Every structure is written in structure tokens, then in C-alpha cells.
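Report on the structure
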Amino acid sequence: MTTTIHKNFIAGKWVASKSRKTFANINPARKGEVVGRFQQSTPDDVERAVAAAVAAQAAWKKTPAPKRGEILFRVAELLVKNKEALARDMTCEMGKVLGETRGDVQEAIDMGYYAAGEGRRLMGETVPSELKDKFCMSVRMPVGVVGAITPWNFPIAIPSWKLFPALVAGNTVVLKPASDTPLSSVHFAKLFEKAGLPPGVLNLVTGSGAEVGQPLIDHPQVNLVSFTGSTDTGRVVASHCAGLMKPYSLEMGGKNAIIVMDDADLELALEGVIWGAFGTTGQRCTATSRVIVHKKVMKKFTALLLEKTRALQLGDGLLPKTDVGPLINEAQRSKVASYCEIGRNEGARLLTGGAPEIKGALKQGFFFQPTVFGDVSPKMRIAQEEIFGPVVSLIVCNDLEHAIGLVNDSSFGLSSAIYTRDVNRAFQAIEGLDTGITYINASTIGAEIQLPFGGTKGTGNGHREAGTAALDIFTEWKSVYVDYSGKLQKAQIED
Ligand code: UN1
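Residues numbered from 1 in each chain as written. Predicted model: local features only at pLDDT ≥ 70, side-chain atom pairs only at ≥ 80, totals over all residues. Heavy atoms only, no water.

For the rest of this paragraph, the subject is the side chain of S226. Looking at the element boundaries, S226 is found in strand β11 (residues 224-228). When its relative accessible area of 0% is taken as the criterion, S226 is described as buried. Separated by 3.4 Å, the side chains of S226 and S249 make a polar contact. (Helix = DSSP H or I, 4+ residues; strand = E, 2+ residues; numbered from the N terminus. Buried < 20%, exposed > 50% of the residue type's maximum accessible area, 1.4 Å probe, protein only. Polar contact = N/O pair within 3.5 Å; in protein donor to acceptor, adjacent residues only side chain to side chain.)

Pasting the structure below:
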């Protein structure tokens, strides 16, 4: 089988990198299988892409927002039409099970329709003036050229969170996808092309962080950087943008917890923990990595959790019987293995899992056993640091107040959940949990695109994606004062 070589998308054309070099993208379930080859781009390619985005900006800004929205609507329609093929290719390049890659595409569809509708809203405010015969309003303006840097765990959904709102607001974009999942971005860009997006409005450049990401962040004509990925890389983005006085939004790690109270429906909580901890092989920034269980139900809950965890089927995400796919690459697998080692050394009790899975066909991929640690104390590294794999820590609590304190004892603040049948406890948790997202009787994963997505503390830098909040990143406010009195009127000055 010949391997397809995919190109960059710049100024409406599919072009090879000036480097003439490509890199391979492999299937994490079968390391020997090359999914495709992609351009190993250089700062020169970034230069071309930014120039294209700059050239396209004025006309795109002038295009009425409802018309911009119509194009995005057509992209959403194309996503619907191609959902199955996109999902299958995404499972091949990323590893998560087909049901979840379908969900990934669905999240992009949802965002597409939502942003398309925003083309007829993009609402500002009208407020009264303190003076007679004067009109006050605010309108949203595009920021200009957006540099979007996206991770591998949601290869279409997360690019969609950035592209759709950025584009409907009148920005042009240069997208640099993660090198582990460039294929989904190539497919996505092709749908924008097919939907009639004018050349240069969206540009795609594949390659490394050093050769593509860095020059994109530093480029003086990139007006805003929108980044989702690791905290370490986010820190680099922040420091560069700060030096350049450039606005940026960061969406980074989590150490998300589920509280299981003594009055919880334990079966329901169990399903939520299994889904949150092992869905996407634990590779979500919203993944459940701590479970804080009331002391009265810890024993029972632990037994139920172990039984269910041990029954999970690892395998190729395309196979219907697979529950959990591989990790994305060997580096991630080593990282997860080293955290299991750290947990053991810290004195946590390894209850199940804890090692790479190398039985039979699984040795061809980056599989890791679903892992549960018991007797975890809150200050252990496995209770504090993001592992990004199928590893969950059980921590005991005495009461709700104690549980909330434990959840909040984290440098991250993305998602939290509580299982309880007591409405008072549920509302106390909503108020007390210091996270951007809180679920009641549902897992820590599964955010919907019509609400803001993001977190407090080290998870981000105060911005939110999705919902109308996304527009706050991708637009600048302009306040407009229209004085129709025909005379000089002075605000704040008494006559
Ligand atoms: C992520 O893990 O980076 O809420 C995004 C969720 C998904 C998005 C996760 N809708 O789990």
C-alpha cells in the first residue's frame, strides 16, 4: 500500500513545505501502520501561511457575518455527511474507540451549527447615555489573524472550538495541529475548502512545535494565539506572548475529581468513574483522575470499581468489543508507567493494572492497563499531577466539607463532579468547588459546546472556549458613542 503524502493548506492551495521533508503519522494501536505522511514544515512555511491570512483578512472582515455563518453551516453539513469516515480515520491516527471519535466529530458539528447561528447574533450592548441626544453601543470586532495550536486528544473537536468562533467573528486563522493527529486537521481543512471558504481565510501548517508552533506564536502579524495542550507548553506560549504584548488563551491540564457521597447511587457513580477515568484511555483534560469517596461507602465502592475495571477490554478502537484503546505514543506510555512507579514508591496501594499491556496483538500498540490506586493521600504526586492516562486514585473523605477541600487542593481547576441524592449537598458543592465545570450526578467529562469550557487556577489563563464566551477571546470590543445633539456635550463635566 502506498502511503499518502498530505500537504499544507495555504492561500487556498495544497502545497508542499519548502523543506521538501515529511514525517510519518502512525496508528497507536499498530505501530507498524503508517496512517499518512505530512509536511515537516519550517518557519518559511509559517511565513507564507501568515502572509496569506493577513492578505485575506480585510475582505473576510467585510463579508457580512451572516454570510460567514452560512459557510460555516455548510462545513457543519459536510461534517455530518462525512462523520463515519472522519471518525474511522481519527481512530486510526489517535486510537480512541469509534464511538468516541464519532463523538469528537459530533462535537465539531455542534460547534459548527452553533457558530453559524452566531453569524446572525454576535451581540453587543446598547445602553443609555448620561447625556441627551447621544447613543451608546458596543460591537464586536475581529482581532485579526489567529494562530491556533491544537492537541491530539480531540483532533477535530478542539480545532473546531477555535476555528468556528474565530472565523464567524471575522478573523483569519493559521492552524498548527499536533503532530500525532494531523490527518484529522487535513480532512477538516478540506471541508472548509469544499464549503467555499475564501482562500487564505484558513491555513493549515503541519510540523513540530519548534519549527511551526514557535514562529507562529512569535510572528508579529499574528494578533492572537489560542492554545490547547500541556501546561509546560502553555507556559512557553504565555511567556512569549507576554513579551510581545500579544493576547493569548490557554487551555491546559486538569486533575479532575469525582466525589462519591454516602447517599450516592453507587452504581451510577461507578459508571461515571469508569467513563471519566478510562474513556479516551484517560487522555482528556477533563478525565477523572481522583475519586474522593465517603468513608462509609469506600469499601463497597472499591470492590465494585475493581470488578468493572478488570472487565474492560483493551484493543483496537475500530473493533466493536473494545472499551479502551491505546495511549497516543510511547512517550505518553512511559510517562504513565513512571507515574505508576511513583505511586507505588509513595506508598499508594496498586489495586489493579499499573503496567503496559503487551499480551498478543496488543504488543503492537501503546496499550496500558486500566489502573486503580487505593489508599492515596492527597499530597502524593499521583494525587496532584496530571497523568493523562488510564490511572485513577481513590482518596477517602469524612464529609462533604472535607471532600470539597480535597478537590480544591489542586493546582488545576477544570472539572469536578459529585454523586449525591441530597439537593442541599449538590448546591453546596456547586458553590464550594473551585473548578470551571461542575457536574451533579454525572462524570467529569462530556461538556457541551453551548456552555463555556475551561478552568480556574493552572488550567488556563482566565479565558473560556465554547459558548458565547468563546467570542470574548476572538473579538475585541469597540464602544461607540453617537452624539446627535449637534453641539459639544461633555461627559462627566458639570456645567
Ligand atoms: C479535552 O479533554 O481537552 O468535556 C476536551 C469533555 C469533552 C471535551 C474534552 N467534551 O470531556
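So that's the structure; there's more coming.
Another aspect to go through is the domain arrangement of the protein. Accessible area lost upon the coming together of the parts serves often as the stated size of an interface. With domains assigned, the protein is organised as domain 1 (5-252 + 460-479) and domain 2 (256-440). Each of domain 1 and domain 2 has a C-alpha centre, and these two points are 31 Å apart. On the domain 2 side, the residues contacting the 24 residues of domain 1 number 29 residues. A buried area of about 2100 Å², summed over both sides, lies between domain 1 and domain 2, and 61% of it is on carbon and sulfur atoms. Three residues stand out in domain 1 for area buried against domain 2, namely K31, E100 and W152, and they jointly supply 26% of the buried area on that side. Linking domain 1 with domain 2 are two salt bridges, by the criterion used here. The partner of D316 in a salt bridge is R30, with the nearest N and O atoms 2.3 Å apart. Counting every contact that joins domain 1 to domain 2 gives seven residue pairs in polar contact (both at pLDDT 80 or more). (Domains from an automatic or database assignment. Contact = heavy atoms within 4.5 Å. Buried area = accessible area lost by both parts, 1.4 Å probe. Salt bridge = Lys/Arg side-chain N within 4 Å of Asp/Glu carboxyl O.)

The next point concerns the packing of aromatic side chains. Per the counting criterion, the structure on display carries eight aromatic pairs. Relative to F388, the ring of W152 has its centre 5.6 Å away and its plane inclined at 80°; by these criteria the two rings are edge-to-face. Taken as a pair, W152 in the loop between β8 (145-149) and α5 (157-168) and F388 in the loop between α12 (381-384) and β17 (391-397) lie far apart in primary sequence, 236 residues in all. You can call W152 buried: its relative accessible area is 14%. Given a relative accessible area of 15%, F388 falls into the buried group. Clustering of aromatic rings is evident, with ring pairs tying together F164, F188 and F192. Over the aromatic face of F154 sits the side chain of K96, whose NZ or CZ is 3.7 Å from the ring centroid. It is R284 that lies over the ring of W275; its NZ or CZ is 5.4 Å from the centre. (Phe/Tyr/Trp six-rings, centres within 6.5 Å; stacked < 30°, edge-to-face > 60°. Lys NZ or Arg CZ within 6 Å of the ring centre and 35° of its normal.)

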